[in-house]
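Reading the structure
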Amino acid sequence: KGIRFREIGGNDDILITVLGGSNIAAPTGTTQLFDYPLPAEPATRRIGMIVPVRQLHTVLPVLDAAGAKLEHVYDY
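Just so you know, these numbers come straight off a predicted model, no measurement behind them. Throughout, a residue's number is its position along its own chain's written sequence, starting from 1. Thresholds applied to this predicted model are a pLDDT of at least 70 for local features of residues and 80 or more for the giving and counting of side-chain atom pairs; totals over whole chains, interfaces and linings are not thresholded and use all residues. Side-chain measures here rest on the full set of heavy atoms in the structure, leaving out hydrogens and waters.

Exposed residues in this analysis have more than 50% of their type's maximum accessible area, buried residues have under 20%, and partly exposed residues fall in between, with area computed by a 1.4 Å probe over protein chains only. By the criteria applied, helices consist of DSSP H or I runs no shorter than four residues and strands consist of E runs no shorter than two, each listed in order from the N terminus. Considered for burial, the residues of helix α1 (residues 56–65) that qualify are Leu-56, Val-59 and Leu-63. For α1, the arc enclosing every buried residue in end-on projection is 70°, short of the 170-degree limit, so these residues lie on one face. Here a residue-residue contact requires only that any non-hydrogen atoms of the pair lie within 4.5 Å. The inward-facing, buried residues of α1 contact β1 (13–20) and β3 (41–52). Directly beyond the C-terminal end of α1, a positive phi value near 100° is found at Gly-67. The reported arc concerns the directions from the helix axis to the C-beta atoms and nothing else.

DSSP-based pairing: two strands are paired if at least 2 bridges between them are found. Taken in spatial order, the four strands line up as β2-β3-β1-β4 in an open sheet, and their pairing is antiparallel. Edge positions in the open sheet fall to β2 (31–38) and β4 (69–74), since each of these has one partner strand only. Ignoring which end each strand starts from, the neighbouring axes of this sheet average 20° apart. Examined bridge by bridge, β2 and β3 share seven bridges and lie antiparallel to one another. When the bridges of β3 are listed, Phe-34 appears paired with Gly-48. The axes used here are C-alpha line fits, helices contributing only the stretch in contact, and every angle between their N-to-C directions lies in the interval 0 to 180 degrees. Lying on the sheet, α1 is in contact with β1, β3 and β4; it crosses β1 at an angle near 10°.

We now examine the nonpolar core. Most often, soluble globular proteins have nonpolar side chains that are buried together. The criterion is simple. A nonpolar core is a set of buried Ala, Val, Leu, Ile, Met, Phe, Trp, Tyr and Cys residues joined through side-chain atoms within 4.5 Å. If you look at the biggest cluster of nonpolar residues, it comprises 13 residues, and the most contacted ones within it are Ile-14, Ile-16, Val-18, Met-49, Val-51, Leu-56 and Leu-63. Those elements that place two or more of their residues in this core are β1, β3 and α1. Non-local contacts of Ile-16, meaning those with residues more than four positions away in its chain, are made with Ile-47, Gly-48, Met-49, Val-51, Leu-56, Leu-60, Leu-63, Leu-70, His-72 and Val-73.

Every residue gets a pLDDT, meaning the predictor's confidence in that residue, from 0 to 100. With 99% of its residues at a pLDDT of 70 or more, the chain shows a mean pLDDT of 93. For the chain, per-element mean pLDDT is lowest for α1, which scores 95, and highest for β1, which scores 97.

With eight bridges connecting them, β1 and β3 associate as antiparallel partners. Within the sheet, the bridge partner assigned to Ile-14 lies in β3 and is Val-51. Linking two consecutive strands that pair antiparallel, namely β2 and β3, is a turn of two residues.

In structure tokens:
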């Protein structure tokens, strides 16, 4: 909807976690830190990635289109 971020809490990069299936991959420009199945629901994976804050406006729609659900944005 035209919203862009410059920084969050003074950070240029931010850790996010998403929930999704095994088909979710870290979008270009991000760094995947971890990926593991949820103990109570093994078909669902928790994926943590570092995202440049200035790319959130493009990364989040890509993840959503792949079927991932944003779980948390960590502002350190």
